[in-house]
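This is what each chain is made of:
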Amino acid sequence: MFDRLEKLIGKDKLKCIKSKKILVLGCGGVGGHAIEALVRSGIQSLTIVDKDVVDITNLNRQIIALHSTIGLYKVDVLKARLEDINKDIHVEAIKEELTEETIQDLNLEKYDYIIDAIDDVKVKVALAKRALHEDLKLVVSTGTARKLHPELLKMTTLDKTSHDPLARKMRSLLKGEKTNKIVVLASEEQPIDTGEAILGSSAFVPSSGGLLIASFVINDIIQQNTNNEK
């Protein structure tokens, strides 16, 4: 099923991609699209974590959200979808609420990459601290709500983010840490102030963010493989 990708990167790099283990925390707008793109790019070992069920409000932006999946656990829907894409994939689906405490209990060391696609700032900070102190490969999604321009998304480091309230809070809570070592997806777009308590979101910004994260991970694996061949 990976013939077209193999023509682009070669057998050795595809084999390297297939050997990696990825943990994705959060299966919503960003996480869901990142996960599917990773699987379509050769990743065959995934752990996905999310406690939520699909809600009708997810229909405008989440890849797993259909009228037929409303009320079902996101990780269960996504696992079935991924197994329908690649029959050889191994997906561990965990229905668990992520807190500052449960983050400490996760065996993060066994993963080659960890993708943070969750919304809770305190949990994101706890995860970032652990990644910095334990030298884990973490990729963090910052805010994609209240934005309409996917072309203003980019992969950068936390210290270089702007116009992002979530990233600003993270930087404040991570004061004294090496925020230049934390890889993030961030937007340079000023958030739209709607005056609403519930954050509005589009179909194309979260999905584009997920694809950018997947691209970053896959290209990083390819680059490492290239460096090892030299």
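Residues numbered from 1 in each chain as written. Predicted model: local features only at pLDDT ≥ 70, side-chain atom pairs only at ≥ 80, totals over all residues. Heavy atoms only, no water.

Draft legend 1. Seen up close, the layout of surface pockets. Taken as a whole, the largest pocket encloses approximately 1,100 Å³ of empty space. Lining the largest pocket are 45 residues; nearest its centre among them are R61, A117, I118, D119 and L199. Taken together, the elements giving at least two residues each to the lining of the largest pocket come down to helix 3 (29-40), helix 6 (121-134) and helix 7 (165-173). Of the residues in the lining of the largest pocket, the class split is 17 nonpolar, 14 polar and 14 charged. Here the second largest pocket defines a volume of roughly 280 Å³. What lines the second largest pocket is a set of 14 residues, and nearest its centre among them are L136, K137, L138, K181 and V183. (1 Å grid on protein atoms, 1.4 Å probe; cavity = no way out; pocket = protein on both sides within 12 Å on 5 of 7 lines; lining within 4 Å. Points joined across faces, edges and corners; volume = space filled by probe spheres on them. Helix = DSSP H or I, 4+ residues; strand = E, 2+ residues; numbered from the N terminus. Nonpolar A, V, L, I, M, F, W, Y, C, P; charged D, E, K, R; others polar.)

Draft legend 2. Spatial organisation of a negative patch on the surface. Where like charges cluster on the molecular surface, the negative patch consists of E97, E100, E101, D105, D119 and D120. In this structure, E97 sits in the loop between strand 3 (90-94) and helix 5 (100-105). Since its relative accessible area comes to 48%, E97 is described here as partly exposed. (Patch = residues over 30% accessible without salt bridge, like charges linked within 9 Å, V, L, I, M, F, W, Y side chains within 5 Å. Areas by Shrake-Rupley, 256 points an atom, 1.4 Å probe, with all protein chains shown as cover. Salt bridge = Lys/Arg side-chain N within 4 Å of Asp/Glu carboxyl O. Lys, Arg positive; Asp, Glu negative; His and termini not counted. Charge placed at Lys NZ, Arg CZ, Asp CG, Glu CD. Buried < 20%, exposed > 50% of the residue type's maximum accessible area, 1.4 Å probe, protein only.)

Draft legend 3. A look at helix 3. Here helix 3 contains 12 residues, and its C-alpha end-to-end distance of 17 Å stays within 8% of the 16 Å for a straight helix at 1.5 Å per residue. For helix 3, the buried fraction is high: 11 of the 12 residues fall into the buried class. The complete set of buried residues in helix 3 reads G29, V30, G31, G32, H33, A34, I35, E36, A37, L38 and V39. Looking at the buried residues of helix 3, the elements they touch are strand 1 (21-25), strand 2 (45-49), helix 4 (74-85), strand 4 (113-116), strand 5 (138-141) and helix 8 (204-229). The first or second residue beyond helix 3 is G42, which carries a positive phi of 115°. (Expected span 1.5 Å × (residues − 1). Contact = heavy atoms within 4.5 Å.)

Draft legend 4. Representation of helix 6 within the structure. With 14 residues, helix 6 ought to run about 20 Å at 1.5 Å a step, and its terminal C-alpha atoms sit 20 Å apart, in line with that. Where helix 6 is concerned, the buried positions are V121, V123, K124, V125, A126, L127, A128, R130 and A131. The elements touched by buried residues of helix 6 are strand 1, helix 5, strand 4, strand 5 and helix 7. The residue sitting at the N-terminus of helix 6 and contributing the capping side-chain oxygen is D120; that oxygen lies 3.0 Å from the backbone nitrogen of K122. (Polar contact = N/O pair within 3.5 Å; in protein donor to acceptor, adjacent residues only side chain to side chain.)

Draft legend 5. Examining the side chain of K13 more closely. Position of K13 relative to the elements: it lies in helix 2 (residues 11-18). Leaving out residues up to four positions away in the same chain, K13 has contacts with I222, N225, T226 and E229.

Draft legend 6. Looking closely at the pairing of strand 1. Extensive coverage of strand 1 is indicated by the burial of four of its five residues. Relative to strand 2, strand 1 is paired through five bridges, and the arrangement is parallel. Looking at the pairing, L25 lines up with V49 of strand 2. Pairing of strand 1 with strand 4 involves four bridges; the strand directions are parallel. Paired with V24 across the two strands is I115, which belongs to strand 4. (Pairing = 2+ DSSP bridges.)

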